Amino acid sequence: LDGQLYVDEYNSRFVSGADEHEPRARRSAARPQPRHGRIETNAVLVALGAIAVLTVIVISAWKASGGSPPVKTPPASTTAAHSHPLIVPPLLEVIPLTGATHLIVHKTNAKGKLLFDGTLSAGDAAHAFHGSRLWLQIDSPENLRLLVRGKLVHVPGAAPQFIYVTKTGWRPA
């Protein structure tokens, strides 16, 4: 509250004219400087808006990239492997059919060298894997077509599967 306003009102009503020759204190010196509340509020709102926009950009970029980048192998050329009789087909070819599934491929066993860890979706290129024995984790086998040495094999079920693939075929791990 501005106390000088009340003092001035009191003096004008009750003080006699004898004290009028005394100089009064200036009101402007007694008043506190006005705060720039509107400017501060606008600055806070602009900062919050910028934070919100940056958050949306970061989340969008993260989702567009799929979280962490999968380890991928170069796509195999299935026509070249089947057209020339001297070229040995890969031990395993994985072709995405429908939906999406997560696939992990290790050489020899579950603790062997990681060859692939990623999500395959319909329309992705086929992946070929060479070796004498592979260990696979397939989250949705019904979404993939598997070829062992160029021959179609069927992995039943819709539940995640852990399998070994050898030159003679596949078996559960």
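This report concerns the structure included in the present document. (Residues numbered from 1 in each chain as written. Predicted model: local features only at pLDDT ≥ 70, side-chain atom pairs only at ≥ 80, totals over all residues. Heavy atoms only, no water.)

## With respect to the overall build of the protein chain
Piece 1. Counting secondary structure elements, the protein chain contains four helices and nine strands.
Piece 2. Counted from the first residue to the last, the protein chain has its helices and strands arranged as α-α-α-α-β-β-β-β-β-β-β-β-β.
Piece 3. As displayed, the protein chain offers around 12,200 Å² of accessible surface, 61% of which is attributable to carbon and sulfur atoms. (Helix = DSSP H or I, 4+ residues; strand = E, 2+ residues; numbered from the N terminus. Areas by Shrake-Rupley, 256 points an atom, 1.4 Å probe, with all protein chains shown as cover.)

## As for unusual backbone geometry
Piece 1. Not every positive phi belongs to a glycine, and Thr-108 is a case in point at roughly 75°.
Piece 2. By the secondary structure assignment, Thr-108 is in the loop between strand S2 (100-107) and strand S3 (114-121).
Piece 3. Of note, Arg-149 is a non-glycine position whose phi angle comes to about 55°, a positive value.
Piece 4. For Arg-149, the location among the structural elements is in the loop between strand S6 (144-148) and strand S7 (151-153).

## Notes on the pairing of strand S1 (residues 92-96)
Looking down a regular strand, the side chains alternate between one sheet face and the other.
Piece 1. In terms of burial, S1 is largely enclosed, as four of its five residues are buried.
Piece 2. The pairing of S1 with strand S4 (residues 127-129) spans three bridges and is classified as antiparallel. From the neighbouring strand, Leu-92 faces S4, where its bridge partner is Phe-129.
Piece 3. Bridge count for S1 against S6 is five bridges, and the pairing is antiparallel. When the bridges of S6 are listed, Pro-96 appears paired with Leu-144. (Buried < 20%, exposed > 50% of the residue type's maximum accessible area, 1.4 Å probe, protein only. Pairing = 2+ DSSP bridges.)

## Some details on helix H1 (residues 3-14)
Piece 1. Taking 1.5 Å of rise per residue, the 12 residues of H1 would be expected to cover 16 Å, and the 17 Å separating its terminal C-alpha atoms lies within 8% of that figure.
Piece 2. Capping the start of H1 is the job of one residue whose side-chain oxygen sits 3.3 Å from the backbone nitrogen of Gln-4: Asp-2. (Expected span 1.5 Å × (residues − 1). Polar contact = N/O pair within 3.5 Å; in protein donor to acceptor, adjacent residues only side chain to side chain.)

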